[in-house]
Amino acid sequence: EAGVAQSPRYKIIEKRQSVAFWCNPISGHATLYWYQQILGQGPKLLIQFQNNGVVDDSQLPKDRFSAERLKGVDSTLKIQPAKLEDSAVYLCASSYDIVYGYTFGSGTRLTVV
Amino acid sequence: GIQVEQSPPDLILQEGANSTLRCNFSDSVNNLQWFHQNPWGQLINLFYIPSGTKQNGRLSATTVATERYSLLYISSSQTTDSGVYFCAFGTGNQFYFGTGTSLTVIP
């Protein structure tokens, strides 16, 4: 089966600019997650979707971050405006049922200069 | 919130050696996973193990939920085992990651 697809792989932007990341989960996976991984740290959950509904966005900085999952398939994560501390790898994961674990995409490495 | 501590933070092994990685958590969790993040950044699910013991080839894991810890055993380590190992704990379908153990296996 195809894995979790993410794009772009790398992005460099200036602070205060906007950026968007895209994720296509594994077909049939109802649950989709966005994680932020800062260098040297473990991934931090930003938002979880079940189909096209938000289950948990308690750690999403809503003043600048937004995410959507239209039609319960693809998802986009947007940052507007970006800050230097947003430099990180943004990981998308999906799961069919948690007993089978997560499958992660390769991530998008964002550098804010 | 629930705190998780992974030990050791760093580990260097000679190829062929065995190792044990530990994950302690501060409160009861009903889900736990182990992941390997390879040097290229890809996260791979190793085990979903809320309790008991599982084995997959040279890797095995044990979680003792009542005592709030989980162990990951790597036997006959290979250079391809290098990377960071994370335990991720949670409730329901949400998982929160520990700080990881960085493993380097040298030939």
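Located above this text is the structure these notes cover.
The structure contained in this document is the topic of the report that follows. For clarity, every value in this text was computed on a predicted model and none was experimentally measured.

### Examining the sheet that holds strand β6 (residues 52–56) of chain B
All names here are of chain B. The sheet built from 5 strands is open, its strands ordered β1-β3-β8-β7-β6 with antiparallel pairing. The open sheet has two free edges, formed respectively by β1 (4–7) and β6, since each of these has just one partner strand. Neighbour-to-neighbour, the strand axes of this sheet turn through a mean angle of 15°, independent of strand direction. In this structure, strand β3 (residues 19–25) lies alongside strand β8 (residues 69–74), joined through 6 bridges in antiparallel fashion. Across the sheet, Ser 19 pairs through a bridge with Ile 74, a residue of β8.

### Some remarks on the interface of chain B and chain A
When the parts of a complex come together, some accessible area is lost, and that lost area is often taken as the interface size. With 15 residues of chain B at the contact, the number on the chain A side is 22 residues. Between chain B and chain A the total buried area reaches about 1,500 Å² when both faces are included, carbon and sulfur atoms providing 50% of it. Elements with a contribution of two residues or more to the side of chain B that touches chain A: β4 (31–37), β5 (43–48) and β10 (94–97) of chain B. Class assignment of the residues belonging to the side of chain B that touches chain A gives a composition of 7 nonpolar, 8 polar and no charged.

### Looking at the pairing of strand β11 (residues 101–106) of chain B
Residue and element names in this part refer to chain B. With burial as the criterion, only one face of β11 is covered, namely that bearing Thr 101, Leu 103 and Val 105; the residues Ser 102, Thr 104 and Ile 106 on the opposite face remain uncovered. In the sheet, strand β2 (residues 10–14) pairs with β11 via 5 bridges, with the strands oriented parallel. Within the sheet, the bridge partner assigned to Ile 12 lies in β11 and is Thr 104. Bridging between strand β9 (residues 83–91) and β11 involves 3 bridges; their strand directions are antiparallel. By the bridge assignment for β11, Tyr 85 is matched with Thr 101.

### Describing the side chain of Gln6(B)
Residues and elements named next belong to chain B. Following the sequence through the fold, Gln 6 ends up in strand β1. Take Gln 6: its relative accessible area is 5%, and that puts it in the buried class. Looking at Gln 6, its side chain comes within polar contact range of the main-chain nitrogen of Cys 87, at 3.2 Å. Looking at Gln 6, its side chain comes within polar contact range of the main-chain nitrogen of Gly 100, at 3.0 Å.

Cut-offs used in this document
- Residues numbered from 1 in each chain as written.
- Chains lettered and ligands numbered in written order.
- Predicted model: local features only at pLDDT ≥ 70, side-chain atom pairs only at ≥ 80, totals over all residues.
- Heavy atoms only, no water.
- Pairing = 2+ DSSP bridges.
- Helix = DSSP H or I, 4+ residues; strand = E, 2+ residues; numbered from the N terminus.
- Axes fitted to C-alpha atoms, helices over the stretch in contact; angles between N-to-C directions.
- Contact = heavy atoms within 4.5 Å.
- Buried area = accessible area lost by both parts, 1.4 Å probe.
- Nonpolar A, V, L, I, M, F, W, Y, C, P; charged D, E, K, R; others polar.
- Buried < 20%, exposed > 50% of the residue type's maximum accessible area, 1.4 Å probe, protein only.
- Polar contact = N/O pair within 3.5 Å; in protein donor to acceptor, adjacent residues only side chain to side chain.

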